[in-house]
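If you want the building blocks of each chain, they are given just below.
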Amino acid sequence: MARLLCLIACLAQAAPAQSFAPSPPLEKAIGTVVQNMVAKFGPGLTADKIAVTVIDMNERAHPQSASYHGAVPFYPASVVKLFYLVAAHAQMQAGTLAQTPEFERTLHDMIVTSSNDATGVVLDALTGTTGGPELDPPALREWLEKRNAVNRYYAGLGYNGINVNQKAFAEGPYGRERQSRGANFENNNRLTTEAVARLFYEIATKHAVSRERSMAMLNLLHRDPWAPTDDLDDQGHGFAGPALPRGSQYYSKAGWTSTTRHDAAYVRLPNGAEFAIVIFTQDNSKKAEIIPFVAKGIAEFFLARTPPADLILTNGKFWTGVTARPSAQAVAIRGERIIAVGTNEEIARLKNANTRLVDLGGKLALPGFIDDHTHFVAGGFQLLSVDLRDAETQAEFARRIGEQAKKIGPDRWITGGDWDHELWPGGPLPTKELIDSVTPNNPVFVSRLDGHMALVNSLVLRKAGITRATPDPPGGTIVRDARTGEPTGVLKDAAMSLAEKLIPDPSAAEYDEALNAALAEAARVGVTSIDDVTLWNQYPVYQRFRDAGTLTAHVYARTPLAEWKRQDETVGRQGVGDEWLRFGGLKAFMDGSLGSTTALFFDPFSDARNTSGLMGSDNLPEGKLRDQMLEADRAGLQCSIHAIGDRANSMVLSYFEEIAQKNGPRDRRFRIEHAQHLAPMDIPKFAKLGVIASMQPYHAIDDGRWAEKRIGHQRALTTYAFRSLLDAGAKVVFGSDWTVAPLSPLLGIYAAVTRETLDGKNPHGWIPEQKITVEEAVRAYTSTGAYAEFAEREKGTLEAGKLADIVVLSQDIFQIAPDDIPKTKVLHTFAGGRLLF
């Protein structure tokens, strides 16, 4: 009864039924398609066995529609699940249905895999009923009364001529379901294409429930039409999807029974045209080509009617990244996506009175930059914390920390830092004595810029219980005074966690402040997408921003590989995400860093002969990481592994090769993060194994000041081996590792092209034979970056149908001297069609 009362209560809050103006041209187009269907697929297919409704969504304020048999009830068993999905979200929003991980998984299975078992569970939850044996007449009437609450709910929303109270068959006893339907049970479920089209329209326009919940539903409904499977219930390639042009967005709930075939979809074509389409056919369930035939005909109608642009960028010098059309003058944008690329004259035809024009004045415009490796939320906190990156002396280092202590007051933690002791004469490591006197009442945990070493003060050592007797943890080092054996305050790699675990989690408001700061910085430097190393306590802040529509960079979130099951289970419940926030596989560590002498090499460090680095704790005992990767890969998750030293890279490559052999072929796109110091024999393996080298070129001009002190000249020859990897046919993508390096892609491009170290001592480039061209560097920040996150159909080039992510620069970096690239400014940053900077 509680479910019934909830559904009735929801009616009071429901919006009035959406009305659609008739569209005579669309009605004519549908009629033509139906005639052609009968001609092509008859005599088995007759006109009375077809129903089609299309809603033209190009004018959101004044939608139009047309139908053929749109008010005639049919029996489409799978499409009814849309109604259960919306009703479930309405109840969850009202708080009368618990949004548990188990129920989220059930909704996922009902929509994504079209599970009838899951459908039964959802309908039972909505109505407070259960399956089971037959009931006596009074009990059956009560049971039916509860079931019909769903029908009354939709009737109150203006959905007429439908019946959605049937539960599809589930495993186990189903006596009362069969009893309630009678002999002709299939006719209990009645849906019209008009009702289904309206429901899909309301989901697509985010009016079905709340914006947040409509987006969650769209995530489950999103299909890839160009990924065929052997599954008869493949709702992408098996229904309307293959008929749509490349670059289309396709959201669908489709299916078939012994008598019908049906598809309900929201489609966005590359030219920006949007429509909802619902197709039912009867007695033709085995003819899979019928629905694509209808979809193709309707798509052709809309492809001939490109809607006006919301925004036109004109009079620019566009580098599109597309081989067939590498340059253009103008781009038209509608909503979040590009609808046309061409000359000023071609694009001007898409203008109407409401179109906004931005004259670029001949400036260079590129696809928005994709940073392939960030610690983005941490970067936001760093912007709000003490900055030690350019502290060139120990005294300046201590002064800034002391100023931060005065600024924030006692008892609060001082974090951030990004210090670099290699700037100091002789390169000595800092010690707690530098900062104890200025931080008597503030715990301090400030990291080296590579994130593999931190300095803490004596207060933190006491809180963590770290003394001279504390053993080094596996995969980490407590740096000690050579004379006394006392901890100096520097902790390396796994030892950092001894103190880091004491830092209190930020509040939600603090997380929001940090992400806002990071997003503003990304917009300033032209970054529109990030491949983030995302901790689980950071993911909710991204969700909040995505749900509120304030996430202004596309996030590909990679969570810790050690917790791969958590991501697998989360994706199983709620889907992988959308173009603004997606799960992006997993991240783990094989070793440490060069600056901390914890990168894992075959041979000892030149300046620390007692060590050849540390194997990361993720792979201790040795082989642990390989076993976890094997399981995660079997679950279909992308693995990306941090490897700096040559031995670490070699081990990861061998693990990848072994996993691919054991788990069989698939498009897995393994990644090595940094791929920094490579043994010459391993460079060809990247292309051979299809492993992506995810590199950060700014590190080359930073570490290049002192790297040969660590590893000597010979090993340095294949350090940051951009040229060698590209020549070997490997996929190379670029990023920053922010906050280890600045977020700016322009600085990264400059570094890759010139390799001029920051100290000015290599004016012709450090290891100059590893230089690459500006265009190669730009591709590593755009199209190849999109490929690395399985998003090459969404972004990375400027083409119709792709996201309107565009950066406009003050200088043409393809024409100016490479040394002038750092002087180039970002003039405009657009992400998803929004002007951010």
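Just so we're clear, the structure is a prediction, and the values are computed from it rather than from any experiment.

1. Let's talk about helix H3 (residues 80-94)
With 15 residues, H3 extends 22 Å from end C-alpha to end C-alpha; this agrees with the ideal 21 Å at 1.5 Å per step. Burial of H3 is extensive: 13 of the 15 residues sit out of reach of the surface. Looking one or two residues past H3, Gly95 carries a phi angle of roughly 85°, positive in sign.

2. Thoughts on the sheet that holds strand S9 (residues 327-328)
Across the sheet, six strands lie side by side as S9-S8-S13-S28-S29-S30; this open sheet has mixed pairing. Of all strands in the sheet, those bounded by a partner on one side alone are S9 and strand S30 (834-835). In terms of strand pairing, strand S8 (residues 317-319) meets strand S13 (residues 364-367) through two bridges, oriented parallel. Residue pairing in the sheet places Phe318 in a bridge with Ala365 of S13.

3. Details of the environment of Arg705
In this fold, Arg705 is placed in the loop between helix H23 (698-703) and helix H24 (707-716). The class for Arg705 is partly exposed, based on a relative accessible area of 21%. C-alpha of Arg705 to C-alpha of Gly31: the two residues are 674 residues apart in sequence and 72 Å apart in space. Arg705 has contacts with Asp420, Glu422, Leu423, Thr757, Leu758 and Asp759, leaving out every residue within four places of it along the chain. A polar atom in the side chain of Arg705 sits 2.5 Å from the side chain of Asp702.

4. Description of the environment of Thr100
With respect to the secondary-structure elements, Thr100 resides in the loop between H3 and helix H4 (101-111). On a C-alpha basis, the gap between Thr100 and Arg213 in space is 15 Å, while along the polypeptide they are 113 residues apart.

5. Notes on unusual backbone geometry
Following Gly42, the chain continues into Pro43 via a peptide bond in cis, with omega recorded as 5°. Phi at Asn315 takes a positive value of approximately 55°, unusual for a residue other than glycine. At Arg669, a residue that is not glycine, the phi angle is positive and equals roughly 50°. Considering the arrangement of structural elements, one finds Arg669 in the loop between helix H21 (646-663) and strand S25 (671-674). The class for Arg669 is buried, based on a relative accessible area of 8%.

6. Description of the packing of aromatic side chains
Taken as a whole and judged by the stated rule, the model has 25 aromatic pairs. Consider the rings of Tyr251 and Tyr266, whose centres lie 5.5 Å apart with planes at 25°: the pair is stacked. Of this pair, Tyr251 sits in strand S4 (residues 249-256) while Tyr266 is found in strand S5 (residues 260-268), placing the two residues 15 residues apart along the sequence. One exposure class covers both Tyr251 and Tyr266, and it is buried. Measuring from centroid to centroid gives 5.3 Å for Phe397 and Trp424, while their planes differ by 80°, and the two rings are edge-to-face. You can see Phe397 sitting in helix H14 (residues 394-408) and its partner Trp424 sitting in the loop between strand S16 (416-419) and strand S17 (445-448), a full 27 residues away along the chain. The same class applies to Phe397 as to Trp424, namely buried. In this structure an aromatic cluster arises from ring pairing among Phe369, Tyr720, Phe722, Phe734, Trp766 and Tyr781. Seen from the ring of Tyr787, Arg669 lies directly overhead, with NZ or CZ sitting 3.9 Å from the centre. For Arg715, the ring lying beneath its charged end belongs to Phe601, and the centroid distance is 5.1 Å.

7. A look at the pairing of strand S23 (residues 581-589)
It is a general feature of regular strands that their side chains alternate between the two faces of the sheet. Counting buried positions along S23 gives eight out of nine residues, so the element sits mostly inside the fold. In the sheet, strand S22 (residues 554-560) pairs with S23 via five bridges, with the strands oriented parallel. Across the sheet, Pro560 pairs through a bridge with Lys587, a residue of S23. Between S22 and its parallel partner S23, the chain crosses via helix H19 (residues 564-574), and the hand of that crossover is right-handed. Where S23 and strand S24 (residues 639-643) come together, four bridges link them in parallel fashion.

8. Details of the pattern of salt bridges
Evaluated as defined, the whole model comprises 49 salt bridges. The residue Arg147 makes a salt bridge to Asp124 at a minimum N-O spacing of 2.7 Å. Taken as a pair, Arg147 in helix H6 (residues 137-147) and Asp124 in helix H5 (residues 116-127) lie far apart in primary sequence, 23 residues in all. For the pair shown, Arg147 and Asp124 are each scored as buried. Across the pair Arg710 and Asp607 runs a salt bridge whose closest N-O atoms are separated by 2.6 Å. Here the residue Arg710 occupies a position in helix H24, and Asp607 occupies one in the loop between S23 and helix H20 (624-634), the gap between them amounting to 103 residues.

How each quantity is defined
Residues numbered from 1 in each chain as written. Predicted model: local features only at pLDDT ≥ 70, side-chain atom pairs only at ≥ 80, totals over all residues. Heavy atoms only, no water. Helix = DSSP H or I, 4+ residues; strand = E, 2+ residues; numbered from the N terminus. Expected span 1.5 Å × (residues − 1). Buried < 20%, exposed > 50% of the residue type's maximum accessible area, 1.4 Å probe, protein only. Pairing = 2+ DSSP bridges. Contact = heavy atoms within 4.5 Å. Polar contact = N/O pair within 3.5 Å; in protein donor to acceptor, adjacent residues only side chain to side chain. Phe/Tyr/Trp six-rings, centres within 6.5 Å; stacked < 30°, edge-to-face > 60°. Lys NZ or Arg CZ within 6 Å of the ring centre and 35° of its normal. Right-handed = clockwise from strand over helix to strand, strands pointing away. Salt bridge = Lys/Arg side-chain N within 4 Å of Asp/Glu carboxyl O.

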